[in-house]
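Breakdown of the fold
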Amino acid sequence: VPELALIEAIRAVLPDPPQRLLRGPGDDAAVVAARPLAVSSIDTVAEGVHFELSTHSAADVGHKALATALSDLAAMGAEPGEALLAFVLPGDFSEESALELARGAAELAAQAGIAVAGGDVVRGRALVVTVAVTGWADGEEELCGRDGARPGELVGVTGELGGAAAGLALLDGRASAMSNSALREDQHEELLRRHRRPEPLLEAGRRLAAFGASAMIDLSDGLASDASHVAAASGLLLRIDLDRVPVAPGARAVATALGAEPAVFAATGGDDYELLVCSPPDRVDALEQAAEDAGTRLTWLGEVGRGTGLELVAADGEPAHGLGGYEHR
Ligand SMILES: [Mg+2]
């Protein structure tokens, strides 16, 4: 069976297992020295849905698959633990490409301190990568869900939004008519990187949960879509001012070229993997510091009130209607 040689080659590019991984790849199942709470999540990315092999390298795909799974651990405030990887490889996908795919995931795993505990490789019709991750916590108070928001709290977001959506528009040709002068070369590269190589905010998520965030979610489908999940889970109203949305450098120019309002573009674009947090008023300073210590910054852009759902408020103070998030095709 040729896959056995490939699996062996993939194992060789994985980071060395940490001590807590008592048994890993190469046995029938992994054995991990557990902590009290296991935090689990699983994510799948598929060719033609989440990426195109014409615009993403195999390593980009490996990185992105692991990053999206780890981002969910970040949103819970969990410490990264282990990952299990499953690859469906199309028939024309070379062994070298398969190793590149594994390397893309392995580099991020090493950087994030995640151990690859096992995996599976099969041949199929399209490239599909499934990643199951486990994170750890010593008590439930260390973690943060979507349902903890309370009336009177502030709503904030890490980093800047719209970069990944702008990168996608540059890659799929929608923004190809943009004049070269509208975007600096380094901004162009950064937008592509944001789409191809999202960074899970594990450190920020852990610190924000530890320093008093009441609710948190990672922005995979876009602020407008994901904020409404927090509103629904908390049974409250989230009110967000569009003119306070931090728009990623370069994304403003791409949005304008597409005929979109930059703040609306940034609020509805997916794949940024920034974190949305709700903060009790007396935790605002601590959370700002926590974000800064994790190498990012928080922008406060709204508040939690009584009611239900999400209200996006335009610059003129009127509710902005009809802004769904980005749903993958
Ligand atoms: Mg998520």
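Look up: the structure comes first, before these words.
This report concerns the structure included in the present document. (Residues numbered from 1 in each chain as written. Predicted model: local features only at pLDDT ≥ 70, side-chain atom pairs only at ≥ 80, totals over all residues. Heavy atoms only, no water.)

Thoughts on the sheet that holds strand 7 (residues 154-158)
With respect to topology, six strands assemble into an open sheet ordered 8-10-7-11-9-12, the strand pairing being mixed. The outermost strands of the open sheet, each flanked by one partner alone, are strand 8 (215-218) and strand 12 (309-313). Shown here is a sheet whose adjacent strand axes are inclined to one another by a mean of 25 degrees, direction ignored. For strand 9 (residues 237-241) and strand 12, the ladder comprises five bridges, and the chain directions are parallel. Each bridged residue has a counterpart across the sheet, and for L238 the counterpart in strand 12 is L310. Each of strand 8 and strand 10 (275-279) is contacted by helix 2 (residues 58-76), which is oriented at about 170 degrees to strand 8, the strand it contacts most. (Pairing = 2+ DSSP bridges. Helix = DSSP H or I, 4+ residues; strand = E, 2+ residues; numbered from the N terminus. Axes fitted to C-alpha atoms, helices over the stretch in contact; angles between N-to-C directions. Contact = heavy atoms within 4.5 Å.)

Observations regarding helix 10 (residues 284-293)
The complete set of buried residues in helix 10 reads V284, L287, A290 and A291. Seen along its axis, helix 10 keeps its buried residues to an arc of 120 degrees; they face one direction. Away from its buried face by more than 90 degrees, helix 10 exposes D285 and E292. For helix 10, the elements touching its buried residues are strand 7, helix 6 (202-210), strand 10 and strand 11 (298-305). G295 lies just past helix 10 and shows a positive phi near 85 degrees. (Buried < 20%, exposed > 50% of the residue type's maximum accessible area, 1.4 Å probe, protein only. Arc of directions from axis to C-beta.)

Regarding helix 5 (residues 185-196)
In a regular helix each residue adds 1.5 Å, so 12 residues correspond to 16 Å; helix 5 covers 17 Å between its end C-alpha atoms and thus fits that length. Every buried residue of helix 5 is listed here: Q187, L191, L192, R194 and H195. Along the axis of helix 5, the buried residues cluster in a sector spanning 155 degrees; they form a single face. Against the buried residues of helix 5 lie helix 2, helix 4 (163-171) and helix 8 (251-257). (Expected span 1.5 Å × (residues − 1).)

Points about the pattern of salt bridges
What the rule picks out here adds up to 21 salt bridges. The residue D60 makes a salt bridge to R197 at a minimum N-O spacing of 2.7 Å. Highlighted residues: D60 in helix 2 and R197 in the loop between helix 5 and helix 6, separated in sequence by 137 residues. Of the charged contacts in the structure, one is a salt bridge between E203 and R206, with a shortest N-O distance of 3.0 Å. Linking E203 with R206, this pair stays in helix 6, spanning three residues, or about one helical turn. (Salt bridge = Lys/Arg side-chain N within 4 Å of Asp/Glu carboxyl O.)

A word on the pairing of strand 10
Among the five residues of strand 10, five are classified as buried, and the element is accordingly described as predominantly covered. Residues of strand 10 alternate between two faces, with L275, V277 and S279 on one and L276 and C278 on the opposite face, all of them buried. In this structure, strand 7 lies alongside strand 10, joined through four bridges in antiparallel fashion. Across the sheet, V157 pairs through a bridge with L276, a residue of strand 10.

Brief notes about the environment of A12
In this fold, A12 is placed in helix 1 (residues 2-13). Sequence separation between A12 and R103 is 91 residues; the distance between their C-alpha atoms is 9.7 Å.

Some remarks on the state of the cysteines
Evaluated as defined, the whole model comprises zero disulfides. Here C144 stays free of any disulfide, with the sulfur of C278 as its closest cysteine sulfur at 8.3 Å. Its relative accessible area of 0% is what places C278 among the buried residues. (Disulfide = S-S within 2.5 Å.)

Description of the coordination of the magnesium ion
Each protein donor to the magnesium ion is listed here as D72 (OD) and D218 (OD); together their distances run 2.0 to 2.1 Å. Here D218 lies in strand 8 and D72 lies in helix 2, a separation of 146 residues in the sequence. Residue D72 is classed as partly exposed on the basis of its relative accessible area of 22%. We classify D218 as buried; its relative accessible area is 3%. (Donors = N, O, S within 2.8 Å, 3.2 Å for Na, K, Ca; no water.)

A word on the sheet that holds strand 5 (residues 115-124)
Two strands in a sheet stick together by hydrogen bonds in their backbones, pointing the same way (parallel) or opposite ways (antiparallel). Taking strand neighbours across the sheet as the criterion, the four strands line up as 3-6-4-5 in an open arrangement whose pairing is mixed. Whereas interior strands pair on both sides, the edge strands pair on one side only; in this sheet they are strand 3 (37-46) and strand 5. Neighbour-to-neighbour, the strand axes of this sheet turn through a mean angle of 15 degrees, independent of strand direction. Taken together, the nine bridges between strand 4 (residues 79-90) and strand 6 (residues 128-137) define a ladder with antiparallel strand orientation. Its bridge partner lying in strand 6, E82 is registered against T134. Where helix 2 meets the sheet, its contacts fall on strand 3, strand 4 and strand 6, and the angle it forms with strand 6 comes to roughly 30 degrees.

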